[in-house]
Every structure is written in structure tokens, then in C-alpha cells.
Amino acid sequence: MGDSSKFVLMLFPQGLQGTVWQVGLRSQQLSVIWESADVNLVDSINSLKMTGATLPDLLLIDTRLQALQPYKICRWSQLYAPEIKVLLVNGAQLEVTEAERQWAIYQGAVDLLPQLDRYRVISMAVKNVKRALELIEGPKLDCKALVSVLLKLSHVRSLR
């Protein structure tokens, strides 16, 4: 089915955006770790490299985490860990301009995506998860599995 050897490290604030990404990527048989926003990412990756541990295939970073300096991480990754792709999500905007996207790519990101619109969560999640899978040459999107977990998630959230 999926390539469970693919590994995504997420850095997102707590909330629906991160939850949708996490369950969406896991539905595609990817290993996903949602890390705290206060982690020293550069030190963590350097430690993993020194010990020969598995590095993430993808860093998924919400640009709202300004203390993390997402663009600095992109530049660092491009120089010191080019095997790790960095996908940025602008969790504050429903749309990303082409100029913003090109700036992120210039800084070393593989792409910049907008936040998930709460009125179109499923369709946007399908599009965004598919894009993430393409970037890491992961498994083909299992749309049925993705939609299924998102419907369960929306059902659980509506009961609160």
C-alpha cells in the first residue's frame, strides 16, 4: 500500500490545521511526528545525522511559528540537509500569492501552501496531502482513506 518508510516532521501550533495535516498524512501510511514549536530543529537534525538515525523526508512548517524562523530553516536545510524537503504552510492566509510562493522557494522551501479553509477542509486537505506526497515521492494518494479519516475527524469535532 503506502511507503511507511517515508517520515514527516510537522511543526505546527496546536489546533485544527495541524490535526488535519497529521491525520491526513498518517492515512497515507506515512510516519508523522508533530513536534513542539519550541524545539531546536537544527540541533535535533544535526544530532540525528551524527547518530545515523533516520532523517525526515519532509519538514512541514507553519509560518506562524515566527520564533522558529521558518525561512531560516529553509536556508539552513538547503545548505546542510538538502535531502530534507521543507514545505511551508502559511497558517494565517487562505490564499498565497505567486510572489509569496516564489519567495519561499527562493529561500529553500519546496512550496508554500495556504491554510486550510474551514469551509473546504476536505477538498483542500486532499489537494495539500497529494502535493506533500508528490514532493517526497511518496505513495500514490489514497483518496478514500484520506476522506474517511477527515469525515471521522469532522464528526468527532462536531460532537464537542
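Basis of the calculations
Residues numbered from 1 in each chain as written. Predicted model: local features only at pLDDT ≥ 70, side-chain atom pairs only at ≥ 80, totals over all residues. Heavy atoms only, no water. Axes fitted to C-alpha atoms, helices over the stretch in contact; angles between N-to-C directions. Helix = DSSP H or I, 4+ residues; strand = E, 2+ residues; numbered from the N terminus. Parallel < 35°, antiparallel > 145°, perpendicular 65-115°, else oblique. Left-handed = near helix turned anticlockwise from the far one by under 90°. Contact = heavy atoms within 4.5 Å. Nonpolar A, V, L, I, M, F, W, Y, C, P; charged D, E, K, R; others polar. Phe/Tyr/Trp six-rings, centres within 6.5 Å; stacked < 30°, edge-to-face > 60°.

A. Inspection of the packing of helix α2 (residues 41–51) against helix α3 (residues 70–80) at higher detail. Where α2 contacts α3, the axes come no closer than 11 Å and their chain directions differ by 20°. By the angle between their directions, the pair α2 and α3 is classed as roughly parallel. Here α2 runs over α3; the crossing is right-handed. Listed contacts from α3 to Leu41, Val42, Ile45, Asn46 and Lys49 of α2 are Ile73, Trp76 and Tyr80. Grouping the amino acids of the contact of α2 with α3 by side-chain chemistry returns 6 nonpolar, 1 polar and 1 charged.

B. Highlighting the packing of aromatic side chains. Scanning all chains against the criterion turns up 2 aromatic pairs. Each ring, one from Trp76 and one from Tyr80, has its centre 6.0 Å from the other, and the planes form 35°; the classification is tilted. In this pair, Trp76 and Tyr80 both sit in helix α3, 4 residues apart, roughly one turn of the helix.

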